Amino acid sequence: MITNEFNIERYLSNGVEKIVKNALKASLSNPRESIFMGKYALASRKATEKRRAAEAAGEHIPPFLIASITSNCNLHCAGCYSRANHACADSAPVNQLTAKEWQKIFDEANNLGVGFILFVGGEPFIRRDVIAISAKTPDILFPIFTNGTMVDDDYLELFDKNRNLLPILSIEGGEKTTDNRRGKGVYKKLNTSMKRMKDAGILFGASVTVTTENMQEVLSDEFVNRMYEKGTKAIIYVEFVPTTEETSYLAPGDKEREYIKNELTRLRMDYDDMVLISFPGDEKSSGGCLAAGRGFFHINSHGGAEPCPFSPYSDLNVKETGLKSAMDSPLFKRIKEQELLMEEHAGGCVLFERREQVEAILSNETA
């Protein structure tokens, strides 16, 4: 349970400041990237001031948003939460938000003090129109979580001209581990994409789904050094969330999280010009899960405001209500009032484990 002394806004703002500081350090070898990160650091401080002013007025604004800008994907990765939740398809679904509708969301987010919007999917690179229009909001950093198979000359040019767009390529470890989950040949495509971006001087990162089976591999000096040599300046470690009871053993528990925490502490000392982040990381230090608007929430490809990508339940649509009203979603409020975000859980995602309770809250609202 959160104590009276814990200040979520201060905790998150300090975290953002640390991420920006480390990102600035990671970009020092690239003059153009360093200039942008210096400008973004100033924009980030202004965003923090907006959030603190809102907090003083009784309104909590999370610094992060997660946006599934498409439900379409060109891969079939084993254990994909998005396909398990029926939020992902092979063909382009209907009624997805248009680029203009996304731009309206980005503008409101900027005015409120949101500093980061993470693009996920589906495969975000399928929505070139949305990625291109997001470049028009330079005060927000847009990490784009991609499978890395669709990097082409037009995207390289777009990223070169708009440094607020940060490609984050998904990788599971070495070739065998990556291809076992993502499909034969994906690892080689990732290598090609990383080399092209490194040669073009584009700052990029990697995203790793951490399981009980690959955590020693992906937290090893060998793996991190390999990523570093490929030009990767950020690695985001995302804990595996089981989509079935049969895969629950792959989710890191308390013992594994402690191992992840200790290894990341060691690696950060050895690679001080890289950004190494664990998500969700140590929830005990943040007073519980940061979903449902505490630190972030998820907007699906149709505009539905959801607690997080692993908890695909929504009671309103951002297209209809606007972003600020979505932050005050009755569903989010009830989740926090019932302290679901503070509950102990075996691993992965607390809201995924408590999905029956979330469904019950939503059913009571619509009854």
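Now for a description of the structure that goes with this document. Keep in mind the model is a prediction, meaning the values are calculated, not measured. Throughout this document, residue positions are counted from 1 along each chain, in the order its sequence is written. With pLDDT at 70 or above as the cut-off, local features in this predicted model cover only qualifying residues; side-chain atom pairs require 80 or more to be listed or tallied, and sums for whole chains, interfaces and linings still use all residues. Values reported for side chains reflect all heavy atoms of the structure, with hydrogen atoms and water molecules removed beforehand.

Side chains on a regular strand alternate between the two faces of the sheet. Counting buried positions along strand β5 (residues 204-210) gives seven out of seven residues, so the element sits mostly inside the fold. Exposure categories follow from relative accessible area, calculated using a 1.4 Å probe and restricted to protein chains: below 20% of the type maximum is buried, above 50% is exposed, and the middle band is partly exposed. The secondary structure listing takes helices from DSSP runs of H or I that are at least 4 residues long and strands from runs of E that are at least 2 residues long, numbered from the N terminus. Here β5 shows a buried face lined by Phe204, Ala206, Val208 and Val210 and a second buried face lined by Gly205, Ser207 and Thr209. By the bridge criterion, three bridges tie strand β4 (residues 165-170) to β5 in an arrangement that is parallel. If you follow serine 170 over to β5, its bridge partner there is serine 207. Looking at chain direction, β5 and strand β6 (residues 232-239) are connected through seven bridges and run parallel. Strands qualify as paired when DSSP identifies two bridges or more between them.

On to the pattern of salt bridges. One speaks of a salt bridge when a side-chain nitrogen belonging to Lys or Arg is within 4 Å of a carboxyl oxygen belonging to Asp or Glu. By the definition in use, this model includes 18 salt bridges. Linking aspartate 221 and arginine 266 is a salt bridge whose minimum nitrogen-to-oxygen distance equals 2.9 Å. With aspartate 221 in helix α10 (residues 221-229) and arginine 266 in helix α11 (residues 254-270), this residue pair connects regions lying 45 residues apart in the sequence. Exposure remark for aspartate 221: the relative accessible area of 35% places this residue in the partly exposed category. Between glutamate 263 and arginine 266 there is a salt bridge; the shortest N-O distance is 2.7 Å. Remark: arginine 266 and glutamate 263 occur in helix α11; sequence separation between them is three residues, near one turn of the helix. With a relative accessible area of 17%, glutamate 263 lands in the buried category. Looking at arginine 266, the relative accessible area reads 28%, which means it is partly exposed. Taken together, the shared-partner salt bridges connect Arg32, Glu33, Asp160 and Arg163 into one network.

Over its 14 residues, helix α4 (residues 99-112) extends 20 Å from the first C-alpha to the last, a length consistent with the 20 Å expected when each residue adds 1.5 Å. Listed as buried for α4 are Ala99, Trp102, Gln103, Ile105, Phe106, Ala109 and Leu112. Glycine 113 sits one or two positions beyond α4 and adopts a positive phi of about 110 degrees. What a helix is expected to span follows from its residue count: subtract one and scale by 1.5 Å.

A few words now on the pairing of strand β3 (residues 142-146). Most of β3 sits inside the fold, with five of its five residues counted as buried. Of the two faces of β3, the one lined by Phe142, Ile144 and Thr146 and the one lined by Pro143 and Phe145 are each fully buried. For β3 and β4, the ladder comprises five bridges, and the chain directions are parallel. By the bridge assignment for β4, phenylalanine 145 is matched with isoleucine 168. Here is how to tell: hold the view so the strands point away, follow the path from the first strand over the helix to the second, and if it runs clockwise the crossover is right-handed. A crossover connection joins β3 to the parallel β4 through helix α6 (residues 153-161); in handedness this β-α-β unit is right-handed.

Structurally, alanine 292 is set in the loop between β7 (275-279) and β8 (298-299). For alanine 292, a relative accessible area of 0% translates into the label buried. Considered as a pair, alanine 292 and lysine 198 are 94 residues apart in the sequence and their alpha carbons are 36 Å apart. The contact definition used throughout considers only heavy atoms, calling two residues in contact when any of these lie within 4.5 Å. Once residues within four sequence positions are removed from consideration, alanine 292 is found in contact with Pro307, Phe332, Ile335, Lys336 and Leu341.

With that settled, consider the environment of isoleucine 105. Mapped onto the elements of the fold, isoleucine 105 is located in helix α4. Its relative accessible area of 6% is what places isoleucine 105 among the buried residues. Contacts of isoleucine 105, omitting those with residues within four sequence positions, involve Leu97, Ile299, Val318 and Leu323.

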